[in-house]
Amino acid sequence: MSITTPSGRPGTLLGYGLGQGTRMAWYLGNYVATRAWFARIDPGERRRPTLRGRLMGARIQAALTRGALRLMARDAAHVRQGTYPMPADLRPRPGAVGEMAGYWRDLPKVALRRRMKQGQEPAAQPLPDEEGGYPRYYLQNFHYQSGGWLTEESADLYDTQVEVLFGGLAQAMRRQGVVPVVDWLRARGSPDGAEFGAGYTLLDLATGTGAMLEAVGQAAPGLDLHGLDLSRAYLDKAQRRLAGRNVTWHRAKAEAIPLPDASVDLVTATYLFHELPKKIRAAVLAEVLRVLKPGGRLVLVDSLQLGDTPALDPVLRSFPDQFHEPYYADWIGSDVPGLMEAAGFSVDGVTKAYLSKVFVAGKR
């Protein structure tokens, strides 16, 4: 069956299955190899599981498999329905092997930080010309990654690290945040002859390497895109990624957005809120409410929470210690819709997407 997406790029469901299957095999294989490597160097990883542990592991694996299959089915359905184009990242890239080699070269450094519980290092201190430009919570080695958020090395490794962690499904989870953006745009229509999304502005908070901006831009080529991040290195990486697209870039905090009141139609934030202290989450929501136009939409993609998939609760609880996520334990137990409503939003929907969750809210 052939389909044509809004951007005119052809694709097939067979092509999706083959591409996503190959992608998952590549990243899952490296994930399994990573776990085996850690087990060789860390005695704590070699503990023989009890019967209870084996049963829990079987339940976790079954829940992960079901969730992954549901996500892929949903992702393929949106491609077939024309919500977004066939993902370009399903095709093998020439640089993938080199990027994975960089991941493995860096892994011993990550392992050392993990063993030493070293959540901050000299490389993560403010640069001389940016002194005072970073909040304290930001200057940490989230995930024990080299250079924190502030180095080119970190920016170059980030996408590979995340895809290995999620078995090649990280971008598929991000794309579920594109769906409510496209739905909002379709409800409003586009001028005759204009590209889909023309006349509307979207701001992506903590844009990182630009993965979400790229996905949204492919689905709605007419959107006026803005990307905001605190890291100069990550913004540089995002600019290279979206070199063929006109994007306005902002180096700033999400809790201090350098845009006028009521100037943005859509705001996206992907995997940002679980890395923010509780008070900062409220401050970011207040800023989003300020810059959104009346009737505008916020789409927040972030981690699954406790109780969403009960079999995975042990995985969520163990995640902060394994990957240095200092604010994650608070996130997985927080009432996000309540936080949004307290900030002045109306919550339009909450959808699970494998290990992620999509919150959609409108400005009242």
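Residues numbered from 1 in each chain as written. Predicted model: local features only at pLDDT ≥ 70, side-chain atom pairs only at ≥ 80, totals over all residues. Heavy atoms only, no water.

(A) Local environment of the pattern of salt bridges. The tally for this structure, following the rule as stated, stands at 14 salt bridges. R241 is the partner of D159 in a salt bridge, and the nearest nitrogen-oxygen pair spans 3.1 Å. With D159 in helix α4 (residues 152-165) and R241 in helix α8 (residues 232-241), this pair connects stretches of sequence that are 82 residues apart. Taking relative accessible area as the criterion, R241 reaches 29% and is therefore assigned partly exposed. Across the pair K357 and D308 runs a salt bridge whose closest N-O atoms are separated by 2.9 Å. Of this pair, K357 sits in strand β9 (residues 356-363) while D308 is found in the loop between β7 (292-303) and α10 (313-323), placing the two residues 49 residues apart along the sequence. Taken as a pair, K357 and D308 share a single burial class, namely buried. Through salt bridges with shared partners, one network takes in D75, D89 and R175. (Salt bridge = Lys/Arg side-chain N within 4 Å of Asp/Glu carboxyl O. Helix = DSSP H or I, 4+ residues; strand = E, 2+ residues; numbered from the N terminus. Buried < 20%, exposed > 50% of the residue type's maximum accessible area, 1.4 Å probe, protein only.)

(B) Spatial organisation of the pairing of β7. β7 sits mainly inside the fold: nine of its twelve residues count as buried. Of the strand pairs in this sheet, strand β6 (residues 264-270) and β7 are connected by six bridges, and their pairing is parallel. Note that in β7 the partner of A269 across the bridge is L300. Handedness of the β-α-β unit built from β6, helix α9 (residues 278-291) and β7 comes out right-handed. Pairing analysis gives seven bridges linking β7 to β9, with the strands arranged antiparallel. Across the sheet, the residue bridging to R297 is G362, located in β9. (Pairing = 2+ DSSP bridges. Right-handed = clockwise from strand over helix to strand, strands pointing away.)

(C) How the structure looks around α10. Looking only at α10, the buried set comprises D313, L316, F319 and P320. Mapping the buried residues of α10 onto a view down its axis gives an arc of 105°, with all of them on the same face. At the exit of α10 stands H324, carrying a positive phi of roughly 50°. (Arc of directions from axis to C-beta.)

(D) Geometry of the sheet that holds β7. Taken in spatial order, the seven strands line up as β5-β4-β3-β6-β7-β9-β8 in an open sheet, and their pairing is mixed. Looking at which strands have only one partner, the edges of the open sheet turn out to be β5 (247-251) and β8 (345-353). Strand after strand, the sheet turns through a mean of 15° between neighbouring axes, direction not considered. Looking at chain direction, β8 and β9 are connected through eight bridges and run antiparallel. Across the sheet, F345 pairs through a bridge with K363, a residue of β9. Where helix α6 (residues 178-188) meets the sheet, it contacts β3 (201-205), β6, β7 and β9, and its direction lies at approximately 160° from that of β7. With respect to the sheet, α8 is in contact with β4 (224-229) and β5, its orientation differing from that of β5 by roughly 170°. (Axes fitted to C-alpha atoms, helices over the stretch in contact; angles between N-to-C directions. Contact = heavy atoms within 4.5 Å.)

(E) The arrangement of the nonpolar core in detail. Membership of the largest hydrophobic core comes to 91 residues, with the highest contact counts inside it found for L205, L223, V267, F273, V288, M340 and F345. In terms of residue count, the dominant contributor to this core is helix α2 (residues 51-81) (seven residues). Leave out the neighbours within four places in its chain, and V288 touches L205, I257, V267, L298 and F345. Membership of the second largest hydrophobic core comes to eight residues, among which are Y27, F38, M100 and Y103. (Core = buried A, V, L, I, M, F, W, Y, C linked by side-chain atoms within 4.5 Å.)

(F) Structural detail: the side chain of H250. Turning to its location among the elements, H250 is positioned in strand β5. Judged by its relative accessible area of 12%, H250 falls in the buried class. Looking at H250, its side chain comes within polar contact range of the side chain of H226, at 2.9 Å. Residue contacts for H250: discarding those within four places in its chain leaves H226, G227, L228, D229, L235, P258 and L259. (Polar contact = N/O pair within 3.5 Å; in protein donor to acceptor, adjacent residues only side chain to side chain.)

(G) Representation of the pairing of β9 in the model. Counting buried positions along β9 gives eight out of eight residues, so the element sits mostly inside the fold. By the alternation rule, side chains of β9 split into S356, V358, V360 and G362 and K357, F359, A361 and K363, which are all buried.

(H) Highlighting the environment of P87. Examined against the element boundaries, P87 turns out to sit in the loop between α2 and α3 (96-116). C-alpha separation for the pair P87 and G19, spaced 68 residues apart in sequence, amounts to 9.1 Å. Filtering out sequence-adjacent residues up to four positions away, P87 remains in contact with V79 and R175.

(I) Structural view of unusual backbone geometry. In this structure, A206 is a non-glycine residue whose phi angle is positive, near 50°. Summarising the element assignment, A206 is placed in the loop between β3 and α7 (211-219). Its identity as a non-glycine residue notwithstanding, Y271 has a phi of 55°, on the positive side. Assignment of secondary structure puts Y271 in the loop between β6 and α9. Judged by its relative accessible area of 12%, Y271 is buried.

(J) Examining the confidence of the model for the protein more closely. When pLDDT is averaged along the protein, the result is 90, and 90% of the positions lie at 70 or above. Predicted confidence is poor over residues 1-10, with pLDDT under 50, and the contacts of this stretch with residues over four places away or in other chains come to 27 contacts. When the criterion is pLDDT under 50, residues 127-131 qualifies, and its contacts beyond four places in sequence or with other chains add up to three contacts. (pLDDT = per-residue confidence, 0-100.)

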